[in-house]
Amino acid sequence: FSSAPARWRHSHCRAHSCARLLLSACRPPRLGGRQVHEMAFDPTDYGEAAAGDLAGDFGRDPLLEGLDGEGGEDAIAGGEKQLRDAVLLLVDCTSRDALRPLKLGCRSLVAEALSAAATLLKRKVVSAPEDKIGVALYGVREKQNPNGFEGIRVLQELERPSAQRIKQLELEIARTAESFEERYGYARRVPLSDVFWTCTTIFNLAANPKQFEPRIWLFTSSDAPCGEGAAEQQAAETRARDLRDLGVQIEFFPLPMGDAPFTMERFWERVVPVDTDDYVGKAVITLENLERWIRMREHRKRTLQRLNFQLCPGTEIGISIYCTTIEARMPYPVYLLNENNKLLKSETKHICGSTGAVLHPVEDVETFVELGGERISVSRAEVGEVKSLGEPGMHLIGFKAISCLQPHHRIFHSYFVYPNERTVTGSSVLCQALIDKLLERRLMAIARYVARRSAEPCLVALLPQAEEVDEDGVQLRSPGFHMVRLPWAEEIRNVEIALPEKLPMPSPELSTAARNVVAAMRLEGFRPGCAENPVLQRHYAAVQALALGEDKPAETIDVLQPDAAALEEKAPLFLAWKAAIDAAAPPPAAAKAAGAAKRLAGAAFAGGGGAGGGRGEGAEGLEGEPPMARARREAAPAVPTTLEEMRELVTSGEFERLTVPALRDWLKAQGIVASGKKSDLVDRVRAVV
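Computed from a predicted structure; not experimentally measured.

Chemist: Requested: an account of the packing of aromatic side chains, with residues and values cited.
Modeler: In total, this model carries seven aromatic pairs according to the counting rule given. Following the ring pairs from residue to residue traces out a cluster consisting of Trp 217, Phe 219 and Phe 253. Above the ring of Trp 197, the side-chain terminus of Arg 239 is found at 3.9 Å from the ring centroid.

Chemist: Residues and numbers for the pattern of salt bridges, please.
Modeler: What the rule picks out here adds up to 22 salt bridges. In this structure, the salt-bridge partner of Arg 189 is Glu 232, at a minimum N-O distance of 3.4 Å. Here Arg 189, found in the loop between helix 5 (177–183) and helix 6 (192–206), pairs with Glu 232, found in helix 7 (residues 230–245); they are 43 residues apart in sequence, far enough to count as distant. On the accessibility criterion, Glu 232 (23% relative accessible area) is partly exposed. A cluster of three or more residues bridged by salt bridges with shared partners is formed by Asp 85, Lys 124, Asp 131, Arg 215 and Glu 251.

Chemist: Give me the pairing of strand 13 (residues 415–419): which residues, what numbers.
Modeler: Where a strand is regular, its side chains alternate between the two sheet faces. Of all five residues in strand 13, five are buried, a share of seventy percent or more. Neither face of strand 13 is left uncovered, since the one carrying Tyr 415, Val 417 and Pro 419 and the one carrying Phe 416 and Tyr 418 both have all their residues buried. The pairing of strand 7 (residues 315–323) with strand 13 spans five bridges and is classified as antiparallel. Bridge assignment links Ser 320 to a residue of strand 13, and that residue is Tyr 418. In the sheet, strand 13 pairs with strand 18 (residues 480–485) via three bridges, with the strands oriented antiparallel. Bridging across to strand 18, Tyr 415 finds its partner in Met 483.

Chemist: Any chance you could break down the environment of His 539 for me, citing the residues and the numbers?
Modeler: Relative to the helices and strands, His 539 resides in helix 13 (residues 534–548). By relative accessible area, His 539 is classed as partly exposed at 24%. As for His 539 and Met 330, which are separated by 209 residues in sequence, their C-alpha atoms are 7.9 Å apart.

Chemist: I'd love a proper account of the nonpolar core, names of residues and values included.
Modeler: If you look at the biggest cluster of nonpolar residues, it comprises 34 residues, and the most contacted ones within it are Leu 90, Leu 192, Phe 203, Ile 216 and Trp 268. Among the secondary structure elements, those contributing two or more residues to this core are strand 1 (84–92), strand 2 (132–138), strand 3 (152–159), helix 6, strand 4 (212–220), helix 7 and strand 5 (249–254). Sort the elements by how many residues they give to this core and helix 6 lands first, with seven residues. Residues within four places of Phe 203 in sequence aside, it is in contact with Ala 86, Leu 88, Leu 158, Pro 214, Arg 215, Ile 216, Leu 246 and Val 248. Ala 163, Tyr 184, Trp 217 and Met 257 belong to the second-largest nonpolar core, a separate cluster that totals 32 residues.

Chemist: Could you give me a rundown of the environment of Glu 363, with the residues and numbers involved?
Modeler: Along the polypeptide, Glu 363 turns up in the loop between strand 9 (358–359) and strand 10 (367–371). The exposed category is assigned to Glu 363, whose relative accessible area is 66%. Each C-alpha atom, one on Glu 363 and one on Ser 379, is 9.8 Å from the other, the two residues being 16 residues apart in sequence.

Chemist: Before we move on, can you summarise the sheet that holds strand 14 (residues 443–450) with the specific residues and values?
Modeler: Strand order in this closed barrel of seven strands is 6-7-13-18-15-14-12, and the pairing throughout is mixed. The average angle at which neighbouring strand axes cross in this sheet is 40°, direction not considered.

Chemist: Account for the sheet that holds strand 4, naming residues and giving values.
Modeler: The strand order 3-2-1-4-5 describes an open sheet built from five strands, whose pairing is mixed. Two strands lie at the open edges of the sheet, namely strand 3 and strand 5, each paired on one side alone. Direction aside, the axes of adjacent strands within the sheet are offset by 15° on average. Of the pairings in the sheet, the one linking strand 2 to strand 3 comprises five bridges and is antiparallel in character. Counterpart to Ala 136 in the pairing with strand 3 is Val 154. Its contacts with the sheet place helix 6 against strand 1, strand 2, strand 3 and strand 4, and it is angled at close to 25° to strand 3.

Chemist: Could you give an account of the side chain of Arg 165, naming the residues involved and the relevant values?
Modeler: Relative to the elements of secondary structure, Arg 165 occurs in helix 4 (residues 163–173). A polar atom in the side chain of Arg 165 sits 3.1 Å from the backbone oxygen of Arg 160. With near-sequence residues (within four places) excluded, Arg 165 lies in contact with Leu 121, Ile 133, Gly 134, Gln 156, Glu 157, Glu 159 and Arg 160.

Chemist: I'd love a proper account of empty space enclosed by the protein, names of residues and values included.
Modeler: Counting across every chain of the model gives one cavity of 30 Å³ or more. If you add up the space inside the largest cavity, you get close to 30 Å³. Around the largest cavity sit Leu 90, Ala 136, Leu 137, Tyr 138, Ile 152, Val 195, Thr 198, Cys 199 and Ile 202, which together line it. Breaking the lining of the largest cavity down by element, the ones donating at least two residues are strand 2 and helix 6. In terms of residue count, helix 6 provides more of the lining of the largest cavity than any other element does, four residues in total. When the residues that make up the lining of the largest cavity are grouped by side-chain class, the tally is eight nonpolar, one polar and no charged.

Chemist: How would you explain the packing of helix 3 (residues 109–127) against helix 4 if you had to name every residue and give the values?
Modeler: Viewed as axis vectors pointing N to C, helix 3 and helix 4 meet at an angle of 160°, and their least axial separation amounts to 9 Å. Comparing their axes, helix 4 and helix 3 come out roughly antiparallel. Note on packing geometry: the crossing formed by helix 3 with helix 4 is left-handed. Where helix 3 abuts helix 4, its residues Leu 114, Ser 115, Ala 117, Ala 118, Leu 121, Lys 122 and Val 125 lie against Arg 165, Ile 166, Leu 169, Glu 170, Glu 172 and Ile 173. Within the contact of helix 3 with helix 4, the residues separate by chemical class into eight nonpolar, one polar and four charged.

Chemist: Lay out the pairing of strand 15 (residues 458–465) with the relevant residues and their values.
Modeler: Counting buried positions along strand 15 gives seven out of eight residues, so the element sits mostly inside the fold. Direction of pairing for strand 14 relative to strand 15: antiparallel, over a ladder of five bridges. For Ala 447, the partnering residue across the bridge sits in strand 15 and is Val 460. With six bridges connecting them, strand 15 and strand 18 associate as antiparallel partners. Opposite Val 460, over in strand 18, you have Arg 485 as the bridge partner.

Chemist: Report on the confidence of the model for the protein, specifying residues and quantitative values.
Modeler: Low pLDDT means the predicted atomic positions in that stretch should not be read closely. Confidence in the prediction for the protein averages 76 pLDDT; 76% of positions are at 70 or higher. Note on residues 628–633: pLDDT is under 50 here. Beyond four places in sequence and across chains, it has seven contacts.

Chemist: Account for a nonpolar patch on the surface, with residues named and values stated.
Modeler: Nonpolar side chains collect at one region of the surface, where Met 521, Leu 567, Phe 574, Trp 577 and Ile 581 lie side by side and expose about 400 Å² of accessible area between them. It is helix 15 (residues 571–584) that provides the largest number of residues to the nonpolar patch, a total of three residues. Relative to the assigned elements, Met 521 resides in the loop between helix 12 (508–520) and helix 13.

Chemist: Got a sec to walk through the side chain of Ser 320? Specific residues and values, please.
Modeler: Assignment of secondary structure puts Ser 320 in strand 7. We classify Ser 320 as buried; its relative accessible area is 4%. Residues contacting Ser 320, with those up to four places away along its chain left out, are Thr 303, Gln 305, Arg 306, Phe 416, Val 417, Tyr 418 and Asn 420.

Conventions adopted
Within each chain, residues carry numbers counting from 1 in the order of the written sequence. Reporting in this predicted model follows two pLDDT cut-offs: at least 70 for local features of residues, and 80 or more for side-chain atom pairs to be given and counted; totals over whole chains, interfaces and linings ignore these cut-offs and use all residues. Note that water and hydrogens are dropped before the side-chain values are worked out from all heavy atoms of the structure. In summary, the pairing rule links any two rings of Phe, Tyr or Trp, Trp by its six-membered ring, whose centres are within 6.5 Å, and it sorts them by plane angle into stacked for under 30 degrees, edge-to-face for over 60 and tilted for everything else. Look at NZ for Lys and CZ for Arg. If either is within 6 Å of the ring centre and within 35 degrees of the ring normal, a charge sits over the ring. Only one rule defines a salt bridge in this text: a Lys or Arg side-chain nitrogen within 4 Å of an Asp or Glu carboxyl oxygen. Labels follow the DSSP assignment, with helices taken as runs of H or I lasting at least four residues and strands as runs of E lasting at least two, numbered in each case from the N terminus. Each residue is assigned to one of three classes by its accessible area relative to the maximum for its type, calculated with a 1.4 Å probe on protein chains only: buried under 20%, partly exposed between the two thresholds, exposed over 50%. When DSSP finds two or more bridges between two strands, those strands count as paired. Only buried Ala, Val, Leu, Ile, Met, Phe, Trp, Tyr and Cys residues count toward a nonpolar core, and they belong to the same one when joined by side-chain atoms within 4.5 Å. Contacts between residues were defined by any pair of non-hydrogen atoms, one from each residue, lying within 4.5 Å. Angles run from 0 to 180 degrees between N-to-C directions of axes, and those axes are lines fitted to C-alpha atoms, restricted for helices to the stretch in contact. In the analysis that follows, any N or O atom pair within 3.5 Å is treated as a polar contact, provided that within protein one partner can donate a hydrogen and the other can accept it, and provided that, for residues neighboring in sequence, both atoms belong to side chains. A pocket, in this scheme, is an open set of points on a 1 Å grid over the protein atoms alone with protein on both sides within 12 Å along at least 5 of 7 lines, while a cavity is a set where a 1.4 Å probe fits but cannot get out; residues line either one if an atom lies within 4 Å of a point. Grid points are joined across faces, edges and corners, and a volume is the space filled by probe spheres set on the points. Residues were grouped as follows: Ala, Val, Leu, Ile, Met, Phe, Trp, Tyr, Cys and Pro as nonpolar; Asp, Glu, Lys and Arg as charged; and all remaining residues, including Gly, as polar. Any angle that is under 35 degrees is reported as roughly parallel, and any over 145 degrees as roughly antiparallel; angles of 65 to 115 degrees are reported as roughly perpendicular and all others as oblique. The crossing is said to be left-handed when, going from far helix to near helix, the turn is anticlockwise and less than a right angle, and right-handed when the turn is clockwise. Confidence of the predictor in every single residue is expressed as pLDDT, which spans 0 to 100. Patches were defined on residues exceeding 30% relative accessible area and lacking a salt bridge, with like-charge contacts within 9 Å and nonpolar side-chain contacts (Val, Leu, Ile, Met, Phe, Trp, Tyr) within 5 Å. Methods summary: accessible areas were calculated by the Shrake-Rupley approach with a probe of 1.4 Å, and residue burial reflects only the protein chains presented.

Shown next, in the form of structure tokens:
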């Protein structure tokens, strides 16, 4: 989103007028005298509200159902296929300091760049195995490139990552400076225009622009690669411009020697688009963090959907929806043939249970709905028509005060909505005007959202977010909307918890001790996403060790383990809290008396509950045992296997004592639907026999 805000700042009066008309036409209704309390709402806080019902349907994201694997998001992104990465790492070996350590105790520029390439390969093997990675050296003795230019050696072609390529790079990283000089040579003058020309050829040959998004990672320690020659600089700038016209993004990693000065103004600012002043320092920090990126296994930020947002009849803007949080899971297993390790292709066929013939999934297979004991046939087209509740898109309903959105209204994490200028021209201007007016009046938009044709519609709240930049003009937050899915009336549960009678109020000492413990255990620097999943990290480390033939997996850090030293330091606070609780608790004599009373009540219940109770009487079971306990101890009848056995159980009435799994297994064996409650299963068994 770095380039969009500049366009948004040129919003004209017509867009603001349109936003004012929308707000005036859809004013929020009054709340009937109810007092609304202002509260701060964080759309990115998905901790408590989203984790409330993980065991049920609330634990699954409705917009991401069925979108598993790499191709899932591509399937609903407005029909537009997502491009994969094609990264070519260029290593500058023209300097005489290319093989010297950058700092005391550090590695050389060549070793750092090759280590970054190995890191990228390891990351791509897990997160994006279909991407392509290549490595090229320039300024060396050998020439091996598609153009046949001197001093340019393609170390690894632009291909998909594999264990063999990672091993090859690790061998190159382990080379000494003398071995590298003997094998490849270095400190050879190479025109930068030839290097960029070679990159253009490599991308044209190995990265189809319809399938891949080309990028270059350039590692160098020289701020004047072309010297002072104006002709050579102009040629390099021309070739760099050709790369940009081809859609190639150049990411620059300057690694100066020690404290040597490095200025972008001498040459690189005319080739690489740089907006920050301290670009050199930030690039080095990014490079040092590449090792940590391996363990994080970050997924690429891709567009979830592209669709139109109808503000009113005849007025639409194009929007893109981004999913800010996706559950990271272990990759699905890939089945191979044990003879040659080739991928196995799975096929699903429907077989007739009577004749064994192969059935056509559309012409021969019929679906039905059971109603009143009868099967009503429903075609696939009719099922699809019933499920379709509108075309995919978003329609504005009106506006409400932001304070109306409460924390318990969030049952899933939020999405981010950003204008899409490609589909509808002028979307950015109108969207920015709408954001400004909503922020000015502290309003949010309410809209109807249909994710795809087979998805159910849902109500969403669009919370405006203004652009935020730091002192250097670097964007910290993008302008747009946070989309929060709102619950339906059936999804809201009114929970009423009755308080115990005569509940004593805690003493001031107890409240103070509790506050001290809470204040001591506060996590100041915690943010969602700062902790890595230890199970996933251990899994990836084990897979990497098997693929690369390592002796043992790399050690992973479980950041969820308790901090024993910190707990020991805060032990006096916990002991003070425990002492306050013990002081407020009832004396031991009273607790023993209450326990004795409960035991006497239990004995009276087991013995019959007094005169006229009659409990515990009967010939079967233990003396004094409740009837419900005797019924649970009685063995259930044997599970029938044939229709005659089930008919006998139905006649005797014993079949209702069968368990739900037993009833379902029998119905499945008869080719009957086995879903529903036990009462439904019992009715189906009666109808069959």
